[in-house]
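Tertiary structure, described
Spelled out from the first residue to the last, the chains are:
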Amino acid sequence: MSEASIAVHADAELLAQAVAARLLVRILDAQTGRGQASVVLTGGRIATAVYRALAALPAREAVDWSRVDVWWGDERFLPEGDPQRNATQARAALLDAVPLDPARVHPMPASDDPAGSDPEEAAGRYAAELARAARPGTAVLPHFDVLLLGVGEDGHVASVFPEHPVHYENRPVSAVRGSPKPPPIRTTLTLPTINTAEEVWLIASGADKARAVGLALAGAGPVQLPAAGVRGINRTLWLLDRSAAADLPARFRSVR
Ligand SMILES: O=C(O)[C@H](O)[C@@H](O)[C@H](O)[C@H](O)COP(=O)(O)O
């Protein structure tokens, strides 16, 4: 498990541009190293701004998009194509603009999925899809090169909310009912699943995130503040704008 490192950019727009450039390089590096890349997307405003910025980078053409696996860290349990679905937003911002192999794009199930409309079963189906892509042997999860997370004002990441029963879920993917952020029903990777990624990037912009970011980096408990429980295997990178970095603990202040 890696220690946190932090990069601070002037404002939300520059943050989105910088994260997009880093993500492009991360994908290229993964493809250079192992012939393919695996990215886990999330939802929310800053993540969508990153996807849009990546779609606008001319160097996106250097990526072999047919060898990129796309997974999701969480999803809002709504019908296919609903504009609030994280997958719908990612498609509009980036995925429809690059030549991905549709077989390597793995959205979480929609609420009107022909296989069934029960969120717990949907979480189970996604876990099975992950397992099918797992490395040979006993692994139940594929390799994730980089997993993106937004951070909520309450410190949630993906759809893991403070004090929510999802913290006690043993399966790799969980249904979430009663989400404090609408819509109330979601599916999410659990924190232990998130923490199998080689790199986890937590992206936050705006003054309303400063408290949660500060508490997470000060070592709050993960049940109270889920962002505090996130660690990538090789790297845990916090990507902040200046407003979100306003309450960093003293030992991190030099990065501002
Ligand atoms: O589906 C979602 O809503 C998310 O995946 C959620 O975890 C999001 O990333 C954060 O709430 C940050 O969202 P903002 O960037 O919009 O604040």
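Okay, so let's go over this structure. (Residues numbered from 1 in each chain as written. Predicted model: local features only at pLDDT ≥ 70, side-chain atom pairs only at ≥ 80, totals over all residues. Heavy atoms only, no water.)

1. What about empty space enclosed by the protein?
By the definition in use, this model includes 1 cavity of 30 Å³ or more. Of the volumes computed, that of the largest cavity is approximately 60 Å³. Lining of the largest cavity is provided by Leu23, Ile27, Val39, Leu41, Tyr51, Leu54, Trp65, Val68, Val70, Leu94, Leu95 and Leu100. Among the elements of the structure, α1 (12-34), β2 (37-41), α2 (45-55) and β3 (68-72) are those that each provide at least two residues to the lining of the largest cavity. (1 Å grid on protein atoms, 1.4 Å probe; cavity = no way out; pocket = protein on both sides within 12 Å on 5 of 7 lines; lining within 4 Å. Points joined across faces, edges and corners; volume = space filled by probe spheres on them. Helix = DSSP H or I, 4+ residues; strand = E, 2+ residues; numbered from the N terminus.)

2. What about the pattern of salt bridges?
With the rule as written, the count across this model stands at 14 salt bridges. For glutamate 120, the salt bridge is made with arginine 177, and the minimal N-O distance between the two is 2.8 Å. One end of the pair, glutamate 120, is in helix α4 (residues 119-132); the other, arginine 177, is in the loop between β7 (173-176) and β8 (186-189), and 57 residues separate them in sequence. Its relative accessible area of 43% is what places arginine 177 among the partly exposed residues. Where arginine 235 meets glutamate 199, a salt bridge forms, and the shortest distance between an N and an O atom there is 3.7 Å. Separated by 36 residues along the polypeptide, arginine 235 in strand β10 (residues 235-241) and glutamate 199 in strand β9 (residues 199-204) bring together distant segments of the chain. You can call arginine 235 partly exposed: its relative accessible area is 30%. Classification of glutamate 199 by relative accessible area gives buried; the value is 11%. Because the salt bridges share partners, they merge into one network encompassing Arg26, Arg34, Asp145, Glu198, Glu199 and Arg235. (Salt bridge = Lys/Arg side-chain N within 4 Å of Asp/Glu carboxyl O. Buried < 20%, exposed > 50% of the residue type's maximum accessible area, 1.4 Å probe, protein only.)

3. Thoughts on the side chain of asparagine 195
For asparagine 195, the position within the fold is in the loop between α5 (191-194) and β9. Reaching out from asparagine 195, the side chain makes a polar contact with the backbone nitrogen of arginine 231 at a distance of 2.8 Å. Discounting chain neighbours no more than four positions away, the residues touching asparagine 195 are Gly229, Val230, Arg231 and Ile233. (Polar contact = N/O pair within 3.5 Å; in protein donor to acceptor, adjacent residues only side chain to side chain. Contact = heavy atoms within 4.5 Å.)

4. Side note on the pairing of strand β6 (residues 146-150)
Each regular strand shows side chains that alternate between the opposite faces of the sheet. When you tally the buried positions in β6, you get 5 out of 5 residues, the bulk of the element. Burial of β6 is two-sided: the residues Val146, Leu148 and Gly150 facing one way and the residues Leu147 and Leu149 facing the other way are all buried. By the bridge criterion, 5 bridges tie β6 to β9 in an arrangement that is parallel. What sits directly across from leucine 148, in β9, is tryptophan 201. (Pairing = 2+ DSSP bridges.)

5. Observations regarding the site of the ligand
By nearness alone, 15 residues border the ligand, and Gly43, Arg76, His156, Ala158 and Lys209 come closest of all. With respect to the ligand, the side chain of threonine 42 contributes an N or O atom lying 3.0 Å from an oxygen atom. One nitrogen or oxygen atom from the main chain of alanine 158 is found 2.6 Å from an oxygen atom belonging to the ligand. About the coverage of the ligand: the protein hides 96% of its 420 Å² of free accessible area. (Near = heavy atom within 4 Å. Areas by Shrake-Rupley, 256 points an atom, 1.4 Å probe, with all protein chains shown as cover.)

6. Describing the sheet that holds β10
Strand pairing in a sheet takes place through backbone hydrogen bonds and is either antiparallel or parallel in direction. The strand order across the open sheet formed by 7 strands is β1-β10-β9-β6-β2-β3-β5, and the pairing between neighbours is parallel. With one partner strand each, in any of the chains shown, β1 (4-9) and β5 (105-106) form the two edges of the open sheet. Along the sheet, α4 makes contact with β3 and β5, crossing β3 at roughly 155°. (Axes fitted to C-alpha atoms, helices over the stretch in contact; angles between N-to-C directions.)

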